[in-house]
Amino acid sequence: MPRIGVLLINLGTPDAPDAPSVRRYLAEFLSDPRVVEIPQWLWQPILRGPILLARPRKSAHAYAQIWTKDGSPLAVNTRDTATALAGRFGPGVTVDWAMRYGNPSIATRLDALREAGCDRILLAPLYPQYCAATTATAIDCAAEALSKVRAQPAIRTLPPYFDDRAYIEALRASTQRQLAALDFEPDLLLASFHGMPERTRTLGDPYHAQSLETARLLAQALDREVRITFQSRFGPAKWLGPATDETLKTLPSDGVRTVAVLTPGFSADCLETLEEIGMRGREDFLASGGRKFAHLACLNASAEAINLYENLIGRELAGW
Ligand SMILES: C=CC1=C(C)c2cc3[nH]c(cc4nc(cc5[nH]c(cc1n2)c(C)c5CCC(=O)O)C(CCC(=O)O)=C4C)c(C)c3C=C
Ligand SMILES: [Fe+2]
Ligand SMILES: [Fe+2]
């Protein structure tokens, strides 16, 4: 009987909500040439200069507002997902989790799975929409770690699931459950995806098209309009639009008084959903004349999510 490992991979987060930890995390993240596609000789002085001098303190303040007693929400939600999936695929399958940047690293968890006897490993980046800056770099990192291994395990990767029926169904059920618990019926449902430089789309990254398709299928499943925006702009380059923050500021003058925002491109709640949408987005909307604002939780380790991953991962493992 082969022993199988499943490694859930998410983006990564600082170890603590303080400036030195955020600095270490940002230095690793923003030095990845898959994330910032500027030649390193030109980029590193900018990163090591203005960015890593100013941003860590500002971001640490934001992280402090969303930190939980168990740690960073991104890590806690990803860990809880792995824990909830343990045992769901039979006794020969171990489910573990890792972060592309920071801890626990992909290399250390791949080592642990191999030490546990796993000779087949499914890499499961928890990004529904494929993006070179998220999916590809996670796979690159795993391949880099395995390049130092003599007796390599067999590897599979979980395909993007942006249009998978099980994913759309999980989003539909989670959205309807959360809308039913609100004390208002929102005029508009806004789906905010993480942004990317516009240039990556023209270079052939399918992320934008896959995000649009997710929103279209969700609108169809809910039988109502779902408007799409892109958040978290970084740097001076042109990013995918329309921008979430600008949209939230102009919606009230267009007659939208109540809004519910979901973030279907994030598998787990994190700084970008809890602080950027749940706090700053809310303030922007209400300060611009909006009356009621709701931020819907990501799938996280909800029953809908566990059902989804059991389905997606189960299908991959069926061939093993
Ligand atoms: C879900 C998909 C994501 C894409 C695509 C993505 C691209 C991308 N991000 C940055 C810069 C930053 N992102 C930051 C945080 C962050 N980003 C994602 C996801 C995607 N990023 C997540 C899940 C998180 C949250 C991490 C957490 O700890 O909670 C940050 C750090 C925070 C900050 O200082 O604002 C930066 C910086 C770029 C440049 C980029 C694509 C080019
Ligand atoms: Fe990001
Ligand atoms: Fe951000």
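Residues numbered from 1 in each chain as written. Chains lettered and ligands numbered in written order. Predicted model: local features only at pLDDT ≥ 70, side-chain atom pairs only at ≥ 80, totals over all residues.

*Asks:* Outline the overall build of the chain, listing residues and values.
*Replies:* Check the secondary structure of the chain and you find 11 helices and 8 strands. By the compact-globule yardstick of 20 Å for 320 residues, the chain fits well, its C-alpha radius of gyration being 20 Å. Reported as C-alpha extents along the three principal axes, the dimensions of the chain are approximately 60 × 45 × 40 Å. Here the chain holds 320 residues, and the buried ones make up 42% of them. (Helix = DSSP H or I, 4+ residues; strand = E, 2+ residues; numbered from the N terminus. Rg over C-alpha atoms; globule rule 2.2 N^0.38 Å. Buried ≥ 20, exposed ≤ 12 C-beta atoms within 10 Å, placed from the backbone.)

*Asks:* For the pairing of strand E8 (residues 292–295), give the residues involved together with the corresponding values.
*Replies:* Of the two faces of E8, the one holding Phe 293 and His 295 is buried and the one holding Lys 292 and Ala 294 is not buried anywhere. Examined bridge by bridge, strand E7 (residues 258–262) and E8 share 4 bridges and lie parallel to one another. For Thr 258, the partnering residue across the bridge sits in E8 and is Lys 292. For the crossover that starts at E7, traverses helix H10 (residues 271–287) and ends in the parallel E8, the hand is right-handed. (Pairing = 2+ DSSP bridges. Right-handed = clockwise from strand over helix to strand, strands pointing away.)

*Asks:* Report on the sheet that holds strand E2 (residues 93–102), specifying residues and quantitative values.
*Replies:* Hydrogen bonds along the backbone pair up the strands of a sheet, which may run parallel or antiparallel. A sheet is described by the order of its strands in space; here 4 strands give the open sequence E2-E1-E3-E4, paired in parallel fashion. The two strands at the open ends of the sheet, each matched to only one other strand, are E2 and strand E4 (154–157). Here the average twist between neighbouring strands, direction ignored, is 25 degrees. Where strand E1 (residues 4–13) lies against E2, 9 bridges are found, and the strand directions are parallel. Paired with Val 6 across the strands is Val 95, a residue of E2. Relative to E2, helix H1 (residues 19–30) is tilted by about 95 degrees, and along the sheet it contacts E1 and E2. Contacts from helix H5 (residues 132–146) reach E1, E2, strand E3 (120–125) and E4 within the one sheet, and its direction differs from that of E3 by about 150 degrees. (Axes fitted to C-alpha atoms, helices over the stretch in contact; angles between N-to-C directions. Contact = placed C-beta atoms within 7 Å.)

*Asks:* Could you give an account of the domain arrangement of the chain, with specific residues and numbers?
*Replies:* Once the domains are mapped, the chain shows domain 1 (4–161 + 304–318) and domain 2 (165–295). Taking only C-alpha atoms into account, the centre of domain 1 sits 23 Å from that of domain 2. With 25 residues of domain 1 at the contact, the number on the domain 2 side is 23 residues. Per-class residue counts for the side of domain 1 that touches domain 2 are 16 nonpolar, 8 polar and 1 charged. (Domains from an automatic or database assignment. Nonpolar A, V, L, I, M, F, W, Y, C, P; charged D, E, K, R; others polar.)

*Asks:* How would you sum up the pairing of E3? Please name residues and give values.
*Replies:* The two faces of the sheet receive side chains in turn, since in a regular strand these alternate between them. The element E3 is largely enclosed, with a buried count of 5 among its 6 residues. Judged from the 6 bridges that link them, E1 and E3 form a sheet pairing that is parallel. Each residue of the ladder has a partner; that of Leu 8, found in E3, is Ala 124. Relative to E4, E3 is paired through 4 bridges, and the arrangement is parallel. Following the sheet pairing, Leu 123 is matched in E4 by Thr 157. Where the polypeptide runs from E3 across H5 and back to E4, its parallel neighbour, the crossover connection is right-handed.

*Asks:* Explain the confidence of the model for the chain to me, and be specific about the residues and the numbers.
*Replies:* The predicted model of the chain has a mean per-residue pLDDT of 98, with 100% of residues at 70 or higher. Our summary of model confidence lists the complex with pTM equal to 0.97 and ipTM equal to 0.95. (pLDDT = per-residue confidence, 0-100.)

*Asks:* How would you explain unusual backbone geometry if you had to name every residue and give the values?
*Replies:* The bulk of non-glycine residues show a negative phi, and the bulk of peptide bonds are trans. Residue Pro 104 follows Asn 103 across a cis peptide bond; omega there is -10 degrees. Relative to the helices and strands, Pro 104 resides in the loop between E2 and helix H4 (106–115). Here the bond from Gly 241 into Pro 242 is cis, since omega is 0 degrees, no more than 30 degrees from zero. On the secondary structure map, Pro 242 appears in the loop between strand E6 (226–231) and helix H9 (244–250).

*Asks:* Before we move on, can you summarise the sheet that holds E8 with the specific residues and values?
*Replies:* Within the open sheet, the 4 strands sit side by side as E6-E5-E7-E8. Their pairing is parallel. Both edges of this open sheet fall to E6 and E8, since each of them pairs with a single strand only. With strand direction ignored, the average angle separating the axes of adjacent strands in the sheet is 25 degrees. Here strand E5 (residues 188–194) runs beside E7; their pairing, made up of 4 bridges, is parallel.

*Asks:* Give a detailed account of the packing of helix H2 (residues 40–66) against H10, specifying residues and quantitative values.
*Replies:* The description of two helices packed together rests on the angle between their axes and the distance between the axes. At a minimum axis distance of 10 Å, the contact between H2 and H10 shows a crossing angle of 90 degrees. In this view, H2 runs roughly perpendicular relative to H10, as classed from their interaxial angle. For the pair H2 and H10, contact is made by Ala 62, Tyr 63, Gln 65 and Ile 66 and by Leu 271, Leu 274, Glu 275 and Met 279, respectively. Here the residues of the contact of H2 with H10 are counted per class, giving 6 nonpolar, 1 polar and 1 charged. (Parallel < 35°, antiparallel > 145°, perpendicular 65-115°, else oblique.)

*Asks:* Please set out the UniProt feature "binding site: Fe(2+)" (unreviewed entry) in the chain residue by residue, giving values where relevant.
*Replies:* Sequence positions flagged by UniProt for "binding site: Fe(2+)" (unreviewed entry) are, in local numbering, His 194 and Glu 272. A maximum C-alpha distance of 8.1 Å among these annotated residues, which run over 79 residues, shows that they cluster at one spot. If you trace the backbone, His 194 turns up in strand E5. His 194 gets classed as buried once you count the C-beta atoms within 10 Å, which come to 27. Those residues in contact with His 194 that sit more than four places away from it in its chain are Gln 231, Ser 232, Gly 265 and Glu 272. Assignment of secondary structure puts Glu 272 in helix H10. (UniProt positions renumbered as here; feature names shortened; annotations may be inferred.)

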